[in-house]
Amino acid sequence: MALKEQILNEIKGCEKLLIGIGEEWNGILAGGEDSLYERLGGLIKDKDYFIVTTLTNGELMKSGLDSKRMVAPCGNVTWRQCSKACTKDIWEPGEIPDDICPHCGEPLTGNTIQAETYIEEGYLPQWNAYTRWLAGTLNKKLVILELGVGFQTPTVIRWPFEKTASVNNKAFLYRIHGSFAQLSEGLRGKAESIPVNSVEFLESI
Ligand SMILES: [Zn+2]
């Protein structure tokens, strides 16, 4: 299919590559050479990339992709925080075996936007790395791949990616989604809508 070749060529030729991963990837697990994350990693391994995900399952972080080039602003359920947010401490998986807050005795919960009070310190260091990286994409040939990002949390990827595509003259956005690939009017000439499930699309590349 010509479109797939076009995207592969665009990836090969770009200076910067911004990737968003959303809801369509919810059931995708990391690990194993045939994992979709590893397949993505094979496509982008030589590129100056950054990945933003709205998923909270932590699979992207478990994958072989470079952890310095990714951020999960909605959190990571395998990281634990106090459900009452009595402390900004965040614990790695297994660090607190009984899953009880050592400070106040309340249960721990996933460090995600689902927590009653989300401790944002978990993702902020990588968010800062992302904004620095993004500032360096201006006037660079930037390809934006939006993979399966719908409207659950559009302020994290979908809307900012549209803005990034429109402010950078050399940027081009590929929006790949089985149900929500539509583009706003302002993106004419700056983006292409690919109404195909992004998991299936990537599996076929
Ligand atoms: Zn506590």
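Every value quoted in this text rests on a predicted model; they were computed, and no experiment measured them.

**Some words on the nonpolar core**
A general trend in soluble globular proteins is that nonpolar side chains are found buried together. Counting residues in hydrophobic clusters, the biggest one holds 29 residues, and the most contacted among them are Leu17, Ile19, Ile21, Trp25, Tyr37, Leu40 and Ile51. Elements with a minimum of two residues in this core: helix H1 (2-13), strand E1 (16-21), helix H2 (36-44), strand E2 (49-53), strand E6 (142-147), strand E7 (171-176) and helix H6 (198-203). Element by element, the count of residues in this core is highest for H2, at four residues. Excluding residues that lie within four positions of it along the chain, Tyr37 makes contacts with Ile21, Trp25, Ile28, Leu29, Ala30, Leu55, Glu59, Leu60, Ser63 and Leu65. If you look at the next biggest cluster of nonpolar residues, it comprises 21 residues, including Val52, Ala129, Phe161 and Ala171.

**Examining the sheet that holds strand E3 (residues 70-71)**
Across the sheet, six strands lie side by side as E3-E2-E1-E6-E7-E8; this open sheet has parallel pairing. Both edges of this open sheet fall to E3 and strand E8 (191-194), since each of them pairs with a single strand only. As paired strands, E2 and E3 are joined by two bridges and run parallel to one another. Paired with Ile51 across the two strands is Met70, which belongs to E3.

**Notes on the pattern of salt bridges**
Where charged atoms from two side chains of opposite charge approach closely, those side chains can pair. Under the counting rule described, the total for this entry stands at 11 salt bridges. The shortest N-O distance in the salt bridge between Arg80 and Asp99 comes to 2.9 Å. Taken together, the positions of Arg80 in strand E4 (residues 75-82) and Asp99 in the loop between E4 and strand E5 (108-112) put the pair 19 residues apart, joining distant regions of the chain. Since its relative accessible area comes to 26%, Asp99 is described here as partly exposed. In this structure, Lys88 and Glu121 form a salt bridge, with 3.3 Å as the shortest nitrogen-oxygen distance.

**Focus: the coordination of the zinc ion**
Distances from the zinc ion to its protein donors, namely Cys82 (SG), Cys86 (SG), Cys101 (SG) and Cys104 (SG), fall within the range 2.2 to 2.3 Å. Around the zinc ion sit four donor atoms, and with donor-metal-donor angles ranging over 105 to 116° the site reads as tetrahedral. Of note, the donors binding the zinc ion are all from one chain and are spaced C-x3-C-x14-C-x2-C. You can see Cys82 sitting in strand E4 and its partner Cys104 sitting in the loop between E4 and E5, a full 22 residues away along the chain.

**Some remarks on the side chain of Thr112**
Considering the arrangement of structural elements, one finds Thr112 in strand E5. By relative accessible area, Thr112 is classed as buried at 4%. Engagement of the side chain of Thr112 in a polar contact is seen with the backbone nitrogen of Gln114, the distance being 3.0 Å. With near-sequence residues (within four places) excluded, Thr112 lies in contact with Thr56, Cys74, Gly75, Asn76, Val77, Gln81 and Tyr118.

**What about the domain arrangement of the protein?**
Here the domain parsing of the protein yields domain 1 (2-73 + 123-203) and domain 2 (75-120). Of note, the centres of domain 1 and domain 2, computed from C-alpha atoms alone, are 28 Å apart. Between domain 1 and domain 2, the residue contacts involve 10 residues of the former and eight residues of the latter. Where domain 1 abuts domain 2, roughly 760 Å² becomes buried across the two surfaces, and 52% of that area is made up of carbon and sulfur atoms. For the interface between domain 1 and domain 2, the tally reads zero salt bridges. At the boundary of domain 1 and domain 2, one finds six residue pairs in polar contact (both at pLDDT 80 or more). Considered class by class, the residues forming the side of domain 1 that touches domain 2 number six nonpolar, four polar and no charged.

**As for the environment of Pro73**
Relative to the helices and strands, Pro73 resides in the loop between E3 and E4. Contact partners of Pro73, with chain neighbours within four places excluded, come to Val52, Thr53, Tyr118, Tyr123, Trp127 and Val156.

Here is what the cut-offs are and how they apply
- Residues numbered from 1 in each chain as written.
- Predicted model: local features only at pLDDT ≥ 70, side-chain atom pairs only at ≥ 80, totals over all residues.
- Heavy atoms only, no water.
- Core = buried A, V, L, I, M, F, W, Y, C linked by side-chain atoms within 4.5 Å.
- Buried < 20%, exposed > 50% of the residue type's maximum accessible area, 1.4 Å probe, protein only.
- Helix = DSSP H or I, 4+ residues; strand = E, 2+ residues; numbered from the N terminus.
- Contact = heavy atoms within 4.5 Å.
- Pairing = 2+ DSSP bridges.
- Salt bridge = Lys/Arg side-chain N within 4 Å of Asp/Glu carboxyl O.
- Donors = N, O, S within 2.8 Å, 3.2 Å for Na, K, Ca; no water.
- Tetrahedral: all angles 85-135°; square planar, octahedral: opposite > 155°, others 65-115°.
- Polar contact = N/O pair within 3.5 Å; in protein donor to acceptor, adjacent residues only side chain to side chain.
- Domains from an automatic or database assignment.
- Buried area = accessible area lost by both parts, 1.4 Å probe.
- Nonpolar A, V, L, I, M, F, W, Y, C, P; charged D, E, K, R; others polar.

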